Amino acid sequence: MSDTLPQLPSGWTAPEAFASFGSFTAPNKRAVEPVGPAFLAHARRTLHGRTWSEDEKIQAQENVIVADVVEEESEDEEGESEELLNHSARDWKTLDLYGALGLKRHRWRADEDKIRKAHRKSVLKHHPDKKAGQQDGFFKCIQKAFEILMDPTKRKQFDSVDSRADVLPPTKFNADNFIELWGPVFEAEGRFSRVQPVPKIGTMESPKEEVNKFYSFFYALDSWRTFEFLDEDVPDDTSNRDNKRYIEKKNFAARKKRKTEELARLRKLIDTAIASDPRIKLFKENEKAAKEKAKWDREADTRKAAEDAKKAAEEAAAAKEAEEKAAKEAKEGAKKNKEAAKNAKKKNKRTIRGSVKDVGYFGESSAAQIDAILSDVDALIEKFDDLELSEVAGKLAGVTDASTVKSVFTESATKHAIPAKFFA
Amino acid sequence: MSTVIGIAFGNTTSSIAVEKDGKVEVIANQDGDRAIPSTLSYVNTDEYHGAQAKAQLVRHANNTITNFRDFIGKPFENIDVSNCHASAHPFNNDGEVAFKITANSEEILSVEEVVKRHLIKLIDSASDYIGKPIDGAVIAVPTDFTEAERKALVSIAEKANLKVLQVINEPTAALLAHASAGNHLPQDKITVVADFGGSRSDGAVIASRGGMFTVLATSHDYTLGGSNLDEVLIDFFAKEFQKKFNTDAKSEPRSLAKLRAECEQTKKTLSNSTSSTIAIESMAGGYDFHSTINRLRFEVASRSVFEKFTSFVEALVKKTGFDFLDIDEILLVGGTSQTPKIANALVNLFPESTKVVAPVTDTKAINPNELIARGCALQASLISSFEQEQIDESIEPVVTVAPHLTKSIGVQITNGTDKSDILTILEHDTALPIRKSKIVVAPQAGDALVAIFEGEPEIVVTRIEAPKKDESAPADDEESDWSEEEEDDEEIREKIVKAGKKLAEIGLEGVAPGAKIEVILNITKDLKLQVSAREIGGNGVAVRGVVA
Ligand SMILES: Nc1ncnc2c1ncn2[C@@H]1O[C@H](COP(=O)(O)OP(=O)(O)OP(=O)(O)O)[C@@H](O)[C@H]1O
């Protein structure tokens, strides 16, 4: 055998080639058996030149895991009823098998260990040899109960019809005690389930999926419940084979019928529970509310769309109005500007025309000359665009020197090459 | 040198043994019995013991005392009288258990007195055999004996002039005897000790670690024992007798006692032979009874009892939380364990890796009936040279109580024999302090990593598909279609150890490829884990450190 170590990863490093990661899981305190040579060596090592203080001795015994716990007195002293004590073992079919062992409250919940311990306790108490002169009827019941309850098949048959373990569905209950009253009902029904553990009823706060799962589990319960225990005794009689077969057949049919009834019973029980489970009611209410809200929300959309449309229309109208107004304003503005420009033009024209008059028509006095001057001026004004008009007007405004005025006109006449009469 | 013996004191039988020169001898009494019935009987002025007393159950049941061991140190109210139904009935003597004997004159014998007389008989047999007076003994009791009951036994023994060196647990005594057989080093293992006696069954799961034993769990069934098998045979033959002679052999105590004695004998015979005859003269109603039974018949009739023995062991293992694969060994103890069916059923139930130690499964196994006495004798000789004070001191909790590892600790490996990542060095449930090492191998190239982990056990299941049937094979005859058995896929379960919590790493540089490396784990008294690793031979690279 060669158990090979892994390779040291490249780059592995630790001071002095040792890395510590953490200590081992806390140990348990147990007693070793003071037996054998190895223990002797251990004792010698431990005892070597040592004495212990009382404290250390006490400490050593604390929290030790003990393998063999001596029978603890059981918490539940269940007295046997007079009826139980007088029960005949012959009528074991009507016997409370659990009661006979003092397990009235545990019933199907008792595991084998518990039954064994309960049986031992009962034997210690009720063995007829312990009570000289007493009937041993009850002891026989104890033994019968133990025999049946320790046989898994027989125990299942008994548990199947152990009505003392049934928890009947409550007839009166309300939302406040639904869980409290129905929980034990389902716990008791769950004992028949092949699948364990069985889901619990939960709380008022359990989510819907959990509640649904719970009920679905029971609807689909895979039950081991059988009804052999209620069989009519088959006669142990070889002479009458027909009768034997007849009873067997009858038993078989009865079992089948009971199983069918059982299925129906359980279904009905679940239906009843669901119909009154306040959580389901709550879930339904919540769903309804949610639906309504969804509807409201959906409607809110159309409402909002309408509102939006209205608002949009309003906005559009306002925008249009504003636009129109702006356009109008712009138009008006333009008119004003035009007028201003017109006025300015008029004014410039006036300035230009007036300039020749202001310099006395350059000293000319003949009507023809004056006419020639004026027609040249008019011809020039005709040629001027707005810009030139204001430029020339600017040059002429307030000028009193005739030659300056004359040069302005002559320059313009040359520029525009008008057939000038005067400014040639 | 003092003369010391070991005593197994059962309700049904007792045995005595002595160690001499490394060999243990189980001592036969004057009748030649090594399993001496724990029975006393009073007839006229005579006292009978052992098999002779047991024989009186037919004629003098009321003056024959049986099954009294479990009464030691108990008030009447707490005893189970079930097993004394066909013998002297214990009665409530002012709260104490006593027997009323009406042989010669009426005499009241307390349980103390009965036990004392029984022990005296045993000691006499031992000293007769050894030829010297007995100076002391180690006695075994079931694990459920309380401290007070153990003390009561010691004080009764004192009255019988027997010094009890130590009272030890029966399963541990049996395991010590088993483990000491053959000269091998103590192995770390988990053993289920199943003690099937006459009136009760006791089980213990014991961890053996470096030769030290720790009882991890126990269980007891006070309604299961060899007498349940006797009962099956009684019913079986009584039915036959009824059919033959139309007479109920069970209704008359003396007839029943005769039948019981013969049925027990028949049962024992069936452990060694495949069939047995039964012959009872004048069994009931003046009729003689002769019959035979074979082993198979017996096993079928006792099926439900056998199932109880098996499930007793199964339930005990379940209680510990162990998997069947964790159980290395089942040591069968007690007279009833000689029944082949019990051992065979356990072999079938447990995996192959669990060794069932019983005469049928292992011819070298020590007689299960003698294991406890042998273990006691070994322990007695081990401690015989000590002062009583030293012995008493060493069994105090300050010495016996020790922290036990909850998880195993080991070193990471790459190619273990199974799919384990970890080679365990310290097993779980090892008492601390402890020092242990294992040898591993360095990798073929490069330096070695010594990584120390806690081990996490894991069960791996591999399915092996059943071989496909050859459909084209011609059917030999019509029946072959029907006789063929459906072969199921087989499941192989294996236990492997996976790496759990990492505790430490060591880098071993410069080791020769494939060199042998010793990894040493040492947990000190103050629960510090020291790890060291060194190359064996070669240039002797070594690293050590303490896990903080
Ligand atoms: N060869 C055998 N085959 C089968 N059973 C046997 C054989 N030898 C003895 N026995 C049975 O073993 C039982 C006695 O077992 P043992 O000697 O271990 O008893 P014990 O430890 O005193 O029992 P307890 O204390 O449980 O009553 C008896 O029922 C006896 O019939």
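Residue numbers run consecutively from 1 along every chain, following the written order of its sequence. Labels follow written order: the first chain is A, the first ligand is 1, and so on. Where totals are concerned, whole chains, interfaces and linings use all residues; where local detail is concerned, this predicted model gives features only for residues with pLDDT of at least 70, and gives and counts side-chain atom pairs only at 80 or more. No hydrogens and no water enter the side-chain calculation; it runs on all heavy atoms of the structure.

Draft legend 1. Inspection of the packing of helix H4 (residues 170-180) of chain B against helix H10 (residues 371-383) of chain B at higher detail. Residues and elements named next belong to chain B. Between H4 and H10, the shortest axis-to-axis distance is 7 Å and the interhelical angle comes to 80 degrees. Here H4 lies roughly perpendicular to H10, going by the angle between them. Contacts between H4 and H10 pair Glu170, Ala173, Ala174, Leu176, Ala177, His178 and Ser180 from the former with Leu371, Ile372, Arg374, Gly375, Cys376, Leu378 and Gln379 from the latter. Note on residue classes: Ala, Val, Leu, Ile, Met, Phe, Trp, Tyr, Cys and Pro are nonpolar, Asp, Glu, Lys and Arg are charged, and everything else, Gly too, is polar. In terms of residue class, the contact of H4 with H10 is built from eight nonpolar, four polar and two charged. Fitted lines through C-alpha atoms serve as axes, helices being fitted only where they are in contact, and the angles separating the N-to-C directions of these axes extend from 0 to 180 degrees. By definition, any uninterrupted DSSP run of H or I lasting at least four residues is a helix, any uninterrupted run of E lasting at least two residues is a strand, and each is numbered from the N terminus. What sets the label is the angle itself: under 35 degrees gives roughly parallel, over 145 gives roughly antiparallel, 65 to 115 gives roughly perpendicular, and the rest give oblique. Contact between two residues is taken to exist if any of their heavy atoms lie within 4.5 Å; hydrogens are not considered.

Draft legend 2. Looking closely at the domain arrangement of chain B. Residues and elements named next belong to chain B. Those domain boundaries reflect an automatic or database domain assignment. Split into domains, chain B comes out as domain 1 (4-169 + 376-395), domain 2 (185-223 + 305-367), domain 3 (226-300) and domain 4 (404-465 + 489-547). Summarising the inter-unit geometry, the C-alpha centres of domain 2 and domain 3 are found 30 Å apart. With twelve residues of domain 2 at the interface, the matching set in domain 3 holds ten residues. Accessible surface is computed with a 1.4 Å probe, and the buried area is the amount of it that two parts give up when combined, taken over both parts together. Summing the contributions of domain 2 and of domain 3, the shared interface buries around 870 Å²; its carbon and sulfur component is 60%. It is Val305, Phe306 and Pro340 that lose the most area in domain 2 upon contact with domain 3, and together they represent 44% of the buried surface on that side. What qualifies as a polar contact is a pair of N or O atoms within 3.5 Å, subject to a donor-acceptor requirement within protein and to the restriction that residues adjacent in sequence count only when both atoms come from side chains. At the boundary of domain 2 and domain 3, one finds five residue pairs in polar contact (both at pLDDT 80 or more). Contributions of two or more residues to the side of domain 2 that touches domain 3 are made by helix H8 (303-320) and helix H9 (340-349). Per element, the largest residue contribution to the side of domain 2 that touches domain 3 is three residues, and it comes from H8. For the side of domain 2 that touches domain 3, a count of residues per class yields four nonpolar, seven polar and one charged.

Draft legend 3. Local environment of the domain arrangement of chain A. Split into domains, chain A comes out as domain 1 (37-71), domain 2 (77-164), domain 3 (166-289) and domain 4 (340-415). Taking only C-alpha atoms into account, the centre of domain 1 of chain A sits 138 Å from that of domain 4 of chain A.

Draft legend 4. Broad picture of the pattern of salt bridges. One side-chain nitrogen of Lys or Arg within 4 Å of one carboxyl oxygen of Asp or Glu is enough to make a salt bridge. Summed over all chains, the structure comprises 57 salt bridges over all chains. As a salt-bridge pair, A:Glu189 and A:Arg265 come within 2.8 Å of each other at their nearest N and O atoms. Here A:Arg265 lies in helix H10 (residues 241-276) and A:Glu189 lies in helix H8 (residues 178-190), a separation of 76 residues in the sequence. Here B:Lys436 ties to B:Asp188 by a salt bridge, and the two come within 3.1 Å at their closest N and O atoms. Note that B:Lys436 is positioned in strand E23 (residues 434-441) and B:Asp188 in the loop between H4 and strand E13 (189-196), a separation of 248 residues in sequence. Note on exposure labels: buried denotes an accessible area under 20% of the residue type's maximum, exposed denotes more than 50%, and partly exposed covers the range between, all computed with a 1.4 Å probe on protein chains only. What makes B:Lys436 partly exposed here is its relative accessible area of 27%. Where salt bridges share partners, they join B:Glu47, B:Glu107, B:Glu113, B:Lys116, B:Arg117 and B:Lys121 into one cluster.

Draft legend 5. Summary view of the sheet that holds strand E24 (residues 448-464) of chain B. Here five strands make up an open sheet; going across it, the order is E1(A)-E25(B)-E24(B)-E21(B)-E22(B) and the pairing antiparallel. Lying at the two open borders of the sheet, with one neighbouring strand each, are strand E1 (18-20) of chain A together with strand E22 (422-426) of chain B. Strand after strand, the sheet turns through a mean of 50 degrees between neighbouring axes, direction not considered. Paired strands, in this sense, are two strands between which DSSP finds at least two bridges. Sheet topology places strand E21 (residues 409-412) of chain B next to E24(B); three bridges connect them, and they run antiparallel. From the neighbouring strand, B:Ile409 faces E24(B), where its bridge partner is B:Glu454.

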